[in-house]
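Listed here are the chains, written in short residue letters.
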Amino acid sequence: RYATSKRKYYEKNKERIFEQAKEFARQNPAWKASHCAKRRATKKQAIPKWIDWNLVNDIYEEANYQQMVVDHIIPLTSKTVCGLHWEGNLQLLTPIENSIKHNSYEN
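Residues numbered from 1 in each chain as written. Predicted model: local features only at pLDDT ≥ 70, side-chain atom pairs only at ≥ 80, totals over all residues. Heavy atoms only, no water.

S.K.: Give me the overall build of the chain: which residues, what numbers.
M.R.: Looking only at helices and strands, the chain features five helices and two strands. Counting from the amino terminus, the chain carries its helices and strands in the arrangement α-α-α-α-β-β-α. Against the 2.2 N^0.38 benchmark of 13 Å for 107 residues, the chain shows a C-alpha radius of gyration of 17 Å, more extended than a compact globule. Taken over the C-alpha atoms alone, the chain extends approximately 55 × 30 × 25 Å along its principal axes. (Helix = DSSP H or I, 4+ residues; strand = E, 2+ residues; numbered from the N terminus. Rg over C-alpha atoms; globule rule 2.2 N^0.38 Å.)

S.K.: Kindly report on the pattern of salt bridges, identifying the contributing residues and their values.
M.R.: Scanning the entire structure with this criterion turns up four salt bridges. Across the pair Lys101 and Asp71 runs a salt bridge, and its minimum N-O distance is 3.0 Å. Of this pair, Lys101 sits in helix α5 (residues 95–101) while Asp71 sits in strand β1 (residues 69–72), and the two are 30 residues apart along the sequence. The class for Lys101 is buried, based on a relative accessible area of 16%. A cluster of three or more residues bridged by salt bridges with shared partners is formed by Arg7, Glu11 and Lys14. (Salt bridge = Lys/Arg side-chain N within 4 Å of Asp/Glu carboxyl O. Buried < 20%, exposed > 50% of the residue type's maximum accessible area, 1.4 Å probe, protein only.)

S.K.: For the packing of aromatic side chains, give the residues involved together with the corresponding values.
M.R.: Each aromatic ring pair is specified by the distance between its two centres and by the angle formed by the two planes. Evaluated as defined, the whole model comprises two aromatic pairs. Taking 5.1 Å as the distance between ring centres and 75° as the angle between the ring planes, the aromatic pair formed by Phe24 and Trp31 counts as edge-to-face. Overall, Phe24 belongs to the partly exposed group, its relative accessible area being 41%. (Phe/Tyr/Trp six-rings, centres within 6.5 Å; stacked < 30°, edge-to-face > 60°.)

S.K.: Go over the side chain of Glu87 with me, naming the residues and quoting the values.
M.R.: Among the secondary structure elements, Glu87 is positioned in the loop between β1 and β2 (90–93). One buried charged side chain, Glu87, makes no salt bridge at all; its nearest oppositely charged neighbour is Lys38, positioned 12 Å away. Residue contacts for Glu87: discarding those within four places in its chain leaves Ile51, Asp52, Leu55, Val56 and Ile59. (Lys, Arg positive; Asp, Glu negative; His and termini not counted. Contact = heavy atoms within 4.5 Å.)

S.K.: How would you summarise the packing of helix α2 (residues 14–27) against helix α3 (residues 29–43) if you had to cite specific residues and measurements?
M.R.: At a minimum axis separation of 5 Å, α2 and α3 run at an interaxial angle of 105°. In terms of their interaxial angle, α2 and α3 are classed as roughly perpendicular. Here Phe24, Ala25, Arg26 and Gln27 of α2 come into contact with α3, specifically with Pro29, Trp31 and Lys32. (Axes fitted to C-alpha atoms, helices over the stretch in contact; angles between N-to-C directions. Parallel < 35°, antiparallel > 145°, perpendicular 65-115°, else oblique.)

S.K.: Any details on the packing of α3 against helix α4 (residues 53–66)? Residues and values, ideally.
M.R.: With their axes 8 Å apart at the nearest point, α3 and α4 run at an angle of 130° to one another. Classified by the angle between their axes, α3 and α4 sit oblique to one another. Here the hand of the crossing between α3 and α4 comes out right-handed. Facing Pro29, Ala30, Ala33, Ser34, Ala37 and Lys38 of α3, the residues of α4 in contact are Trp53, Val56, Asn57, Tyr60, Glu61 and Asn64. (Left-handed = near helix turned anticlockwise from the far one by under 90°.)

Right under this line is the structure:
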């Protein structure tokens, strides 16, 4: 019953809900970056059960504050290794450093 009424409300207010979500994402770039990274890692099944989401979100907040990007030290996928999406595998890089590193991993 609740799900049905929620679906009806969504259908009736789809444009308004979409605009609110878009505005929220615009005002919260660190949240959006974290959310997108989580979605990509989920697709690759690279998220361990013991991840501390608060720390991961803090890393994305710090990156946004310092105008840097979050990089996986060990890439989620590359020709030689597959890393995990967790706080210990994240580092802050400048956009230029990140584009140079690309998808590589140095031991």
